[in-house]
Amino acid sequence: MDGRGILIVVSGFSGSGKGTIMNEIIRRYNNYALSVSATTRNPRPGETEGKEYFFKSVEEFEKMIAKDELIEYARYVDNYYGTPRAYVEEQLEAGKDVILEIEIQGAIKVKEKFPDTLLLFVTPPTAEELRKRLVGRGTETMDVIDFRMKRAKEESLGMDRYDYLIINDVLEDCVEEMHRIIQGEHRRSFRNQAFIEHMKEELKGE
Ligand code: 5GP
């Protein structure tokens, strides 16, 4: 099969469990690379430079934009978030499937620039379950939860722009399903032009 990795964008509502799914899929399989974004937001307790994000000042971030070092960037809740280009290209070239965990505006920009991108959207089975999970975290005030539910309502308008929905009911099943979808994606004929050409060549003399 053709050697280049697939660029995968994963989006989902805040509280959909996408972060946990990403960590688990990376832990289980070795063909994935997770892109680390740059952001101007402050680190949350427990976050470290270069692991969750590269933390930048607005000035530094704007320099990265000017130098075209980002594949895409977006403003989200008054902060910049963007995907550094170099790591993504390097890993794709090495045959890794690269996962970007980004919000919807960024997802659409990536798809426009690179139409072969696989877009996955993670959602809990019901809106009720989403609220329950946000409440269950116990770290947010009711105002924050209401705000996130309103944002989820807006983000739901973009769900049908994604190639697949990943329903996160049971984590275990969800990780396996995401992996299977990506494996299936590798078999798409348009991703295997070299194989097709080779097969045609071999069959020429028959
Ligand atoms: P948080 O501040 O909660 O870590 O992230 C806020 C939102 O920004 C999440 O929806 C996350 O997926 C998104 N995000 C993280 N990195 C990037 C990025 O590089 N580009 C874009 N467009 N969104 C990002």
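Structure: see above.
Attention here is on the structure that accompanies the text. (Residues numbered from 1 in each chain as written. Predicted model: local features only at pLDDT ≥ 70, side-chain atom pairs only at ≥ 80, totals over all residues. Heavy atoms only, no water.)

### Details of the layout of surface pockets
If you roll a probe as big as a water molecule over the atoms, it shows you where there is empty space left.
Then comes step 1: The computed volume of the largest pocket comes to approximately 1,600 Å³.
Then comes step 2: Forming the boundary of the largest pocket are 49 residues, of which Lys18, Arg41, Arg44, Tyr53 and Glu101 lie nearest the centre.
Then comes step 3: Sorting the residues of the lining of the largest pocket by element identifies β1 (7–12), α1 (18–28), β2 (32–34), β5 (70–76), β6 (79–84), β7 (97–101) and α6 (142–156) as the ones contributing at least two each.
Then comes step 4: Broken down by class, the residue content of the lining of the largest pocket amounts to 20 nonpolar, 14 polar and 15 charged. (1 Å grid on protein atoms, 1.4 Å probe; cavity = no way out; pocket = protein on both sides within 12 Å on 5 of 7 lines; lining within 4 Å. Points joined across faces, edges and corners; volume = space filled by probe spheres on them. Helix = DSSP H or I, 4+ residues; strand = E, 2+ residues; numbered from the N terminus. Nonpolar A, V, L, I, M, F, W, Y, C, P; charged D, E, K, R; others polar.)

### What to know about the pattern of salt bridges
Then comes step 1: In the structure shown here, the tally under the stated rule is 19 salt bridges.
Then comes step 2: With a shortest N-O distance of 3.7 Å, Lys132 and Glu129 are connected by a salt bridge. Here the residue Lys132 and the residue Glu129 both occupy positions in helix α5 (residues 127–136), the gap between them amounting to 3 residues, near one helical turn.
Then comes step 3: We classify Glu129 as partly exposed; its relative accessible area is 23%.
Then comes step 4: A salt bridge links Arg191 to Glu185, with the shortest nitrogen-to-oxygen separation between them at 2.7 Å.
Then comes step 5: Assessed through its relative accessible area of 16%, Arg191 is described here as buried.
Then comes step 6: A residue is classified by how much of its surface remains accessible, and Glu185, at 4% relative accessible area, is buried.
Then comes step 7: Taken together, the salt bridges that share partners define one network made up of Glu24, Arg27, Arg28, Glu172 and Glu176. (Salt bridge = Lys/Arg side-chain N within 4 Å of Asp/Glu carboxyl O. Buried < 20%, exposed > 50% of the residue type's maximum accessible area, 1.4 Å probe, protein only.)

### Looking at a nonpolar patch on the surface
Then comes step 1: On the surface, a cluster of nonpolar side chains totalling about 270 Å² of accessible area is made up of Phe195, Met199 and Leu203.
Then comes step 2: Position of Phe195 among the secondary structure elements: in helix α8 (residues 193–203). (Patch = residues over 30% accessible without salt bridge, like charges linked within 9 Å, V, L, I, M, F, W, Y side chains within 5 Å. Areas by Shrake-Rupley, 256 points an atom, 1.4 Å probe, with all protein chains shown as cover.)

### Description of the side chain of Glu185
Then comes step 1: The topology assignment puts Glu185 in helix α7 (residues 171–186).
Then comes step 2: If we ignore the near neighbours within four places in the chain, the residues touching Glu185 are Ile6, Leu118, Tyr164, Phe190 and Arg191. (Contact = heavy atoms within 4.5 Å.)

### Thoughts on the nonpolar core
Then comes step 1: Membership of the largest hydrophobic core comes to 23 residues, with the highest contact counts inside it found for Leu7, Val9, Val88, Val98, Leu100 and Val110.
Then comes step 2: Secondary structure elements with two or more residues in this core: β1, α3 (85–93), β7, α4 (104–113), β8 (118–123), α5 and α6.
Then comes step 3: The dominant element in this core, judged by the number of residues it contributes, is α4, at 4 residues.
Then comes step 4: Beyond its immediate sequence surroundings of up to four residues, Leu100 is in contact with Leu7, Ile8, Val9, Val10, Ser35, Thr83, Val88 and Val110.
Then comes step 5: Of all hydrophobic cores here, the second largest spans 18 residues; its members include Ile8, Tyr29, Tyr32 and Val175. (Core = buried A, V, L, I, M, F, W, Y, C linked by side-chain atoms within 4.5 Å.)

### Section: the environment of Asn168
Then comes step 1: Its location among the elements puts Asn168 in the loop between β9 (164–167) and α7.
Then comes step 2: A residue is classified by how much of its surface remains accessible, and Asn168, at 5% relative accessible area, is buried.
Then comes step 3: Linking Asn168 and Met199, residues 31 residues apart in sequence, is a C-alpha distance of 39 Å.
Then comes step 4: If near-sequence neighbours (up to four positions away) are discounted, Asn168 is found in contact with Ser16, Gly17, Ile21, Val122, Thr123, Pro124, Pro125, Arg133 and Cys174.
Then comes step 5: Within the structure, the side chain of Asn168 is placed 2.8 Å from the backbone oxygen of Ser16, a separation counted as a polar contact. (Polar contact = N/O pair within 3.5 Å; in protein donor to acceptor, adjacent residues only side chain to side chain.)

### With respect to the site of the ligand
Then comes step 1: Among the 14 residues in the neighbourhood of the ligand, the closest are listed as Ser37, Arg41, Tyr53, Tyr81 and Glu103.
Then comes step 2: One of the side-chain nitrogen or oxygen atoms of Glu72 is found 2.7 Å away from a nitrogen atom of the ligand.
Then comes step 3: Here an oxygen atom of the ligand and a backbone polar atom of Glu101 are 3.3 Å apart.
Then comes step 4: Look at the ligand: alone it shows 510 Å² of surface, and the protein chains cover 88% of it.
Then comes step 5: The cavity that encloses the ligand is the largest pocket.
Then comes step 6: At the level of elements, β5 and β6 are the ones that each hand at least two residues to the shell around the ligand. (Near = heavy atom within 4 Å. Sits in = over half its atoms within 2 Å of the grid points.)

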